[in-house]
Structure formats: structure tokens, C-alpha cells
Amino acid sequence: MGSPKRVLVIDNGSYECRVGWHNVKEPALRFRNVLTKPRKDRKKEATPGASDGTTTPVAAEVPAEIQVGNDITNIEAVRAHLKSPFERNIITNWNHQEQIFDYIFTKMGFEGEQSIAHPIVLTEALANPNFCRQNMNELLFECYGIPAVSYGIDALYSWEHYQSRRKKVSDALIISFGYSTTHVIPVLNGKLQLQHVRRLNVGGYHMITYLLCLMQMKYPVHLNAISISRMEKLVHEHCHIATDYKEELLKWAQIDYYEEHIMKIQLPYNQVTATNALLTAEQKLEKRRELAMRLIEIKNRREAEKMREDEQQLFVYNKLRQLYEQDKLQKFELALAQQQIGNLEELDSLISTISGRIKRIKERPLSAPKPSKQQDKIDKMPKPPEGVPQADWLAELQGKREQLLQRKQTRQQQRHEQGKRHTHAAQERMRIISTLARSEKRRKANGEEEDDGFGMNDNDWDVYKRINRYNDDSDSDADNEQLLEYEKILSHYDVNFDEGNAVQQQSAAENYQLHFGVEDIRVPEILFQPSMIGSSEAGLAELIAFVLKLFNAQEQQRMVEHVYLTGGCAQLRGLKERLAREFQELRPFQSTFSIYESDDHTLSAWLGACVQASQPSFGQTLTTRKDYQEHGSEYFREHRASNLFYPTPKD
């Protein structure tokens, strides 16, 4: 097959899908590879009734439209209903994949066409099962009628793109960081060593969910504000990999380093406005009454609307009853079927039920606001003594309140000082205890200890009072009750009473902050220490060492000369430096290695597929419809960036 003029390239990733033509510089379509069916109000369309107008139109339910990718306006609102065709990095739900293909071909201008007349380059998972490829071939050839398809691995496509801008290299160790998995892929003599590939089941998804769990445990009162979208942004923009994880943890343990590097995320916080703060009790009561009146009006309006709907429905059912009474049985049966009513008895039951409901609504009096209980509280509120001005009385209460607050603060400070060993209060307490311990007890003639009679005299208990001088909380409850009573009276009579709490209200906004600190390095560290999330797998460094040991020393050196990093998580800051440190530890003394990164971590796979589609030999990599019909649905043609084809053994 010759090279086609135009090829559609689809990088079908488990996190993001990228679609475009092979002869352009960037994809025309990029979207999250998810779909949802929003749970909104059911759409209704009217179906026509009988031609003589004896029946009314019937409302039929229409299923909600499925939203895919960029059509999902608020992805966080439907997070619980998001569906993906992938399980890890393997496609398992083919109905969802078909809906995503419909979305792709519609956006690319194929809507209304019976088949797709362009070849397709499609990425697939490393070591993709034959069953999955069989379903994909059937979907593309049978459902969409494509002429040919070429399958390839995204990491190898990315490596092809990197080489297209530099010299050709036949040996490499490719580390692919995906959304669900991480692969270590050895390449020798330009061929994939599939039998020596190893996978780590940790990726970007695990970082996001791990950060979500950490922040939810750290701030349990802000669970609704800690969303996956916010965590994704933190991982993508602020997380980095520590070169020495333990050393970085010791730095974060220092308060100066913490204060300098902590990132504070302010959550939405609605401060009490001055208008609400200056309202008196009577004004607040009036506002509650107005709100109650509005709610009652809304309730009455809804009841009236419901009664009108019932009256319209009753009118329709009475018309149906008249058809039966006029012996128009054929029209009567047709109308019953349109209204989804079984028989005459069910119709009579509906008429009776709706009539009774309308009668009850008409007989029910309109709702009126109930008398408020706030007036009783206002009447019971203490009033100034006779002959004392209200301003002087309030000033006196304010002074008493300040005395109580000062007393509580002093007692709290004394307790705090007593907890310290070198304060006067603590030393006095220990002196009294040691004096009692040194007192010699009198002994009887038989040598037994004689009771000294301590505690028989009431004055003896003064010792305990001296020891426990600052821990007496007997008056704390009374003080708290009195303090609440003063504040209740002051807030009722003095509209400016809350002005002194402005500093407290201002500091309350700090309680609506998320501190993103050590999580910066802790979250991406799971790539090297999966045990942090409860996984028993080896870390990335151990996995690389295991793969290298599968080859001899010469082959190891050839591969580590070109260590290539690709994938979305490869753009984490510090990854290259951390891997350089790990390679230096696991490689022999004075051996060399080189680590390279893709030019564009997210687009390099799609660009590499475009490079292959532009080559003259691209036609030899295409699996045509003829190949599909002759060799079976699981067959595909191998090439430099593809999996290896192993036919399924026959029984």
C-alpha cells in the first residue's frame, strides 16, 4: 500500500487524548479522555395526539445527551459520574470508547459521513492483549469503515520524535511515566526487548489521589474544598522530586525553612458584613419575618401551580371518560394507550385521586407566618435598673466583662508558668511536697509506723490548696456563665459590641487556608518508594537495576548511554537530577551514563506518530482491511514503534 495523502493521528492516552492530521505541527483536538451523562432535568418532547383533537399531546422522556471531553462544562460537579474506557492503561469498556470515537470524528469534520476514508495511526498500551486489539480492529473496520490502521506504543513514538531532531540511536533505556503505570523499556539494535520490559503500577493518578488523602486527613473540616481538580493543579505545577528525600525532610522540620517555603492556599471565606453586624435584635427579627413571608409566598405559588397542573390533567381524564360514555371505544383505547393508563378502573382511580387533591388544596387556608418566638426572648432580656441610664449600665457591664476576661487570662498564664520547671510557682509547689516527704513519722513501741493524724484537722487541707493554687477551676463555670450573660446583654443593646472582634474575624480567614508544605516532595516520592501508599512493589530505582541485570555489561553500558524520559510525570522538577543520583549509585565506579528528556512531554508521542506517518515506508506499517479479513481481527503489522505480534494459541 502506498503512502496515503492524509493520515489521522490519535494518541489515545488514559488521561488525555490528542487528535490531529499528520502534516500539522500540533493536534487540532485535545481533551480529557472521560465522558459523563449529566443528571439534570429530564428533557421532554411532545408526541401528537389524535387528529380530531380529542386527546392532548403526551410528554415523552428523552435521554440526556452524553458529554465527552471538552463538552463537560464543569468537570468537578460531575466528578462522581465520570466514566473512562480505561482500566489502568488498558481499554475495557468498548461502549465508552465508541462514544469517544464518535466525539473525535464529529469534531474532526466527519459528521454525517458513512465511513472514515483516511488511515489512522493509533497508540496502544505496551503489551496490549490480543483481545483488546481484536475489539479495536472490529470497531474501526466494521463500525467506522476505515481503510487501514497502524498501532504503536506512545513511548516508542516519543523516542522516534526525539531521534528525528538528532542523530539516530539504536540502543536506549526508555522510562515512560504514564497516568496509571510507569514502564522501563530496553531497546537494543533498534528493537524493543519486550520480554525484558518491566512495569511499576504507580503513575500520575496515584500521586493525585495520595495528595487528596493527605490533605483530607490534614484538614477534615474542608473536605468539600479539597477537590481532585485542585489537587491535580498542585501536582502539575508545584510538586517536585527531591534529590535527597531524607535531607529535604530534615529541612522541612526546621521552623524557619517551613515559614519561608510554605505555600498557603486561601479558600473562599465570607466575612460578616458591616450591615449584618450593626443590626439590632429587633431589626434581625424583622428580617426573619420578611424572609418567612417570602418563603410562604413561594410555597403558595407552587401549590397554585400544582393545582393548575392537576386541573389540566383532570380535564384530560374527564375527556377520556366522556369518550367511553359516548361508546367511542376505539378512540378511548387509543387515548388510554397514549396516556399509559391500563383500563377504565385505573382511569376512574386517577380521576378520584386528582379531584380529592384539588379539593383539599382549595379548602386549605393560605399559609400565614407563625408568631415568632424571638419576641418572648426580647421581653425576658434584662433591662437597666430604674434611674440608671442605659449607657452607664452598659459601660458597667462592659467593665465587669473585661474583669472576667482578665481574670481568666491571668489564671491561664499561671497554669502555663506552673508547667515550666524553673518558674517560681513550680518551685514553690515542689518545695512543699519535698517538705512533707522529709517529715519523719513517729513509730510505736513495737516498731510499726504510727499514723501522724494528718487530715484530721481542717487546717491540714490548706497544704493542698497551696500546692494546687493555680489549678482550681471551681469558679470557672460560674465565670463562663456570667461572661455569656454579659455578652448576651451587650450584643442585644449595643450594636457596636462586635467591633472589638474585628481582629478575630480577620484571623478567622486564616482557618480557611490550606498549607502545602512537605507534600511538595512527599507526593512524587511514591515513584521511588511505593510502600508509602501501601504498595509492595519495588521503587523505580530498584526496577531499573533489575532490568539492567537482565543484560550483560556491554549491553548495559550501551543502553545507559541514552536514558530517555517521556510521559506526563516526566515533567516533574528534579526527576532528572534524582535519576542521575540513582544511576550513579547503581552503576560501576567511573562508568558513564546520559539522561535525556523529550522536548514536549505531553505531545512527543503524538508528534512521533506524525513523523512515522510522514515517512515513505509508512504504507508498510498499515494493517489494511484486506489483512483484517485474511488474518483475523487480532492481526496487525509490526514496525519499529509497535508491539510484537504473538497469535493467540488455538485450542
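Bear in mind the structure is a predicted one, so any value in this text is a computation, not a measurement. (Residues numbered from 1 in each chain as written. Predicted model: local features only at pLDDT ≥ 70, side-chain atom pairs only at ≥ 80, totals over all residues. Heavy atoms only, no water.)

(A) Region of interest: a nonpolar patch on the surface. There is a patch of nonpolar side chains on the surface, built from Leu-291, Leu-295 and Ile-298 and spanning about 250 Å² of accessible area. Classification of Ile-298 by relative accessible area gives partly exposed; the value is 31%. (Patch = residues over 30% accessible without salt bridge, like charges linked within 9 Å, V, L, I, M, F, W, Y side chains within 5 Å. Areas by Shrake-Rupley, 256 points an atom, 1.4 Å probe, with all protein chains shown as cover. Salt bridge = Lys/Arg side-chain N within 4 Å of Asp/Glu carboxyl O. Buried < 20%, exposed > 50% of the residue type's maximum accessible area, 1.4 Å probe, protein only.)

(B) A look at the confidence of the model for the protein chain. Residue-level pLDDT values for the protein chain average 82, and 78% of them are 70 or greater. The low-confidence segment residues 41-61 (pLDDT under 50) makes 31 contacts with residues lying over four places distant or belonging to another chain. Of the regions scoring below 50 in pLDDT, residues 440-445 engages in 9 contacts with residues more than four places distant in sequence or in other chains. (pLDDT = per-residue confidence, 0-100. Contact = heavy atoms within 4.5 Å.)

(C) Spotlight on the sheet that holds strand S3 (residues 29-32). Strand order in the open sheet formed by 6 strands is S3-S2-S1-S10-S11-S20, and the pairing between neighbours is mixed. Since the sheet does not close on itself, it has two edges, and those belong to S3 and strand S20 (623-624), each with one partner. The strands that helix H1 (residues 94-107) touches are strand S1 (8-12), strand S2 (16-21), S3 and strand S10 (120-124); relative to S3, the one it contacts most, it runs at about 150 degrees. Relative to strand S11 (residues 148-153), helix H2 (residues 130-143) is tilted by about 145 degrees, and along the sheet it contacts S10, S11 and S20. (Pairing = 2+ DSSP bridges. Helix = DSSP H or I, 4+ residues; strand = E, 2+ residues; numbered from the N terminus. Axes fitted to C-alpha atoms, helices over the stretch in contact; angles between N-to-C directions.)

(D) Representation of the pattern of salt bridges in the model. Summed over the entire model, instances satisfying the criterion amount to 25 salt bridges. Note that Asp-599 and Arg-165 form a salt bridge whose closest N and O atoms lie 3.8 Å from each other. Of this pair, Asp-599 sits in the loop between strand S19 (595-597) and helix H22 (604-613) while Arg-165 sits in the loop between helix H3 (154-164) and strand S12 (172-177); the two residues are 434 residues apart in sequence, bridging distant segments of the chain. The partly exposed category is assigned to Asp-599, whose relative accessible area is 39%.

(E) Molecular detail of the pairing of S1. Where burial is concerned, most of S1 is hidden: 5 out of the 5 residues are buried. Of the two faces of S1, both are covered, the one formed by Leu-8, Ile-10 and Asn-12 as well as the one formed by Val-9 and Asp-11. When S1 meets S10, the two strands line up parallel, connected through 3 bridges. Opposite Val-9, over in S10, you have Val-121 as the bridge partner. Pairing of S1 with S2, which is carried by 5 bridges, proceeds in the antiparallel orientation. Note on S2: the bridge partner recorded for Asp-11 is Arg-18. Counted along the chain from S1 to the antiparallel partner S2, the turn is 3 residues long.

(F) How the structure looks around H22. The buried count for H22 comes to 9 of 10 residues, which makes it a mostly enclosed element. For H22, the complete set of buried residues consists of Ser-604, Ala-605, Trp-606, Leu-607, Gly-608, Ala-609, Cys-610, Gln-612 and Ala-613. Buried-residue contacts for H22 involve S1, S2, S10, S11, H3 and strand S18 (563-567).

(G) Examining the packing of aromatic side chains more closely. Under the counting rule described, the total for this entry stands at 20 aromatic pairs. Ring centres of Phe-31 and Tyr-103 lie 5.0 Å apart, and the angle between their planes is 75 degrees; on these two criteria the pair is classed as edge-to-face. Separated by 72 residues along the polypeptide, Phe-31 in strand S3 and Tyr-103 in helix H1 bring together distant segments of the chain. Assigned by exposure class, Phe-31 and Tyr-103 land together as buried. Relative to Tyr-144, the ring of Phe-105 has its centre 4.9 Å away and its plane inclined at 65 degrees; by these criteria the two rings are edge-to-face. Residue Phe-105 is located in helix H1, and its partner Tyr-144 is located in the loop between H2 and S11; the two are separated by 39 residues in the primary sequence. With respect to burial, Phe-105 and Tyr-144 carry one shared label: buried. Three or more aromatic residues joined by ring pairs form one cluster here, namely Trp-21, Phe-101, Phe-105, Phe-110 and Tyr-144. Above the plane of the ring of Trp-21 lies Arg-6, whose end atom (NZ or CZ) is 4.1 Å from the centre. The ring centre of Phe-528 lies 4.2 Å from the NZ or CZ of Arg-578, which sits over that ring. (Phe/Tyr/Trp six-rings, centres within 6.5 Å; stacked < 30°, edge-to-face > 60°. Lys NZ or Arg CZ within 6 Å of the ring centre and 35° of its normal.)

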